[in-house]
Amino acid sequence: MGFFLETLFGGLMAGMLYSLVALGFVLIFKASGVFNFAQGAMVLFAALAMARFAEWIPQWLGMDNKIVANIIAFFLAAGCMYILAWLIERLVLRHLVNQEGVTLLMATLGITYFLDGLGQTIFGSDIYQIDVGMPKDPLFLFESTFEGGILVNQEDIIAALIAAALVAALSLFFQKTITGRALRAVADDHQAAQSIGIPLNRIWVIVWLVAGLTALVAGIIWGSKLGVQFSLSTVALRALPVIILGGLTSVPGAIIGGLIIGVGEKLSEVYLGSYVGGGIEIWFAYVLALVFLLFRPQGLFGEKIIDRV
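Residues numbered from 1 in each chain as written. Predicted model: local features only at pLDDT ≥ 70, side-chain atom pairs only at ≥ 80, totals over all residues. Heavy atoms only, no water.

Draft legend 1. Structural context of the overall build of the chain. Counting its regular elements, the chain contains 12 helices and two strands. Going residue by residue from the N terminus, the α and β elements of the chain occur as α-α-α-α-β-β-α-α-α-α-α-α-α-α. Relative to a compact globule of 309 residues, whose C-alpha radius of gyration would be 19 Å, the chain shows 20 Å and is just as compact. Taking the principal axes of its C-alpha atoms as reference, the chain extends roughly 65 × 60 × 35 Å. Taken across its 309 residues, the chain has 47% of its residues classed as buried. A fraction of 73% describes how many contacts in the chain between residues 6 or more apart in sequence connect residues 24 or more apart. Accessible area of the chain: about 14700 Å², with a carbon and sulfur share of 66%. Across the chain, the 16 positively charged side chains and the 20 negatively charged ones have centroids separated by 11 Å. (Helix = DSSP H or I, 4+ residues; strand = E, 2+ residues; numbered from the N terminus. Rg over C-alpha atoms; globule rule 2.2 N^0.38 Å. Buried < 20%, exposed > 50% of the residue type's maximum accessible area, 1.4 Å probe, protein only. Contact = heavy atoms within 4.5 Å. Areas by Shrake-Rupley, 256 points an atom, 1.4 Å probe, with all protein chains shown as cover. Lys, Arg positive; Asp, Glu negative; His and termini not counted. Charge placed at Lys NZ, Arg CZ, Asp CG, Glu CD.)

Draft legend 2. How the structure looks around the nonpolar core. Core analysis: the largest hydrophobic core is formed by 90 residues, its most contacted members being Trp 208, Trp 222 and Val 228. If you tally residues by element for this core, the top one is helix 8 (residues 200-226), at 15 residues. Contact partners of Val 228, with chain neighbours within four places excluded, come to Leu 44, Ala 47, Leu 48, Ala 51, Asp 126, Ile 127, Tyr 128, Ile 130 and Gly 223. (Core = buried A, V, L, I, M, F, W, Y, C linked by side-chain atoms within 4.5 Å.)

Draft legend 3. Structural context of helix 8. For helix 8, built from 27 residues, the straight-helix expectation of 39 Å at 1.5 Å per residue is met to within 8% by its first-to-last C-alpha distance of 38 Å. Within helix 8, 21 of the 27 residues are buried, which leaves it mostly tucked inside the rest of the structure. With its phi angle positive at about 85°, Gly 227 sits one or two positions after the end of helix 8. (Expected span 1.5 Å × (residues − 1).)

Draft legend 4. Molecular detail of the side chain of Arg 52. Mapped onto the elements of the fold, Arg 52 is located in helix 2 (residues 39-61). Sequence-distant contacts of Arg 52, defined by excluding residues within four places in its chain, comprise Phe 123 and Tyr 128.

Draft legend 5. Expanded view of the packing of helix 3 (residues 66-91) against helix 8. With their axes 8 Å apart at the nearest point, helix 3 and helix 8 run at an angle of 140° to one another. The interaxial crossing formed by helix 3 with helix 8 has right-handed handedness. On helix 8, the residues touching Phe 74, Ala 77, Ala 78, Met 81, Tyr 82, Ala 85, Trp 86, Ile 88 and Glu 89 of helix 3 are Asn 201, Trp 204, Val 205, Trp 208, Leu 209, Gly 212, Leu 213, Leu 216 and Ile 220. Grouping the constituent residues of the contact of helix 3 with helix 8 by class yields 15 nonpolar, two polar and one charged. (Axes fitted to C-alpha atoms, helices over the stretch in contact; angles between N-to-C directions. Left-handed = near helix turned anticlockwise from the far one by under 90°. Nonpolar A, V, L, I, M, F, W, Y, C, P; charged D, E, K, R; others polar.)

Draft legend 6. Representation of the packing of aromatic side chains within the structure. One pass over the structure, following the stated rule, counts nine aromatic pairs. Between the aromatic rings of Phe 45 and Phe 123, the centroid separation amounts to 5.6 Å while the plane-to-plane angle is 70°, which identifies the pairing as edge-to-face. Of this pair, Phe 45 sits in helix 2 while Phe 123 sits in helix 4 (residues 101-123), and the two are 78 residues apart along the sequence. Assigned by exposure class, Phe 45 and Phe 123 land together as buried. Taken together, the aromatic side chains of Phe 45, Phe 53, Trp 56, Trp 60 and Phe 123 make up a single cluster linked through ring pairs. (Phe/Tyr/Trp six-rings, centres within 6.5 Å; stacked < 30°, edge-to-face > 60°.)

None of this, on its own, says anything about what the molecule does.
If you want it as structure tokens, here you go:
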């Protein structure tokens, strides 16, 4: 029982990180109807900015306080994501209002390659570390209940709590604020939203900024665990099954989809991997997403796309 709970807990932790990346896709699609293929590149760019600023600031200011350096680096990286959001709206999105979905998709694909190149030009192409002080030592829980207890990673617990807090804040933002309701109105119909005075350009800057900040938090967590390297941009591929399962238009769906996939990967690898030669964790999420595409393409909580057109 203890081993099962340990595996289950590890799956939940991984699922929260998947959900965090998937949120970027959902946020932008909800507010603009754009499937943002550049979300992975945004995670990489934000993580590179955080890692490099945290390294440069002590040199610039002649200080050794890591906490202050990380705080300043975070706000500078957030500023970079704001500038990026403004440029995307100014140079790309405002020229593609009411264009076909495939046109917008190709635009985000171009943004992906641009960000990959820009990040390498500005911040370099080495592997960088993000050290924000998250504890990495293992922790034993419920030792009095189960023999040997349940082994968990403290870093995973903190990362999951951060992801959960961000998810809760975004849910409240969409449901309870005027800006959040405006974002949903823009997603339903660009022209109708403009006709009632909603500034489409400003709304798009806001939603890309929020997605950029989400990418920054995801980049910090993944960078702290694995280091910041250019393969980090492929983390978005891990989030695609999550949004297919949960629904491309649902913030709660991104959370639940991530948890289901995280748990499913871990349990299937541990309990079924030995029967099929292992490697289930690599393809489990994509097979599950394929099943949903065949039988429920809108996902668990999403809307049918045909109803939105």
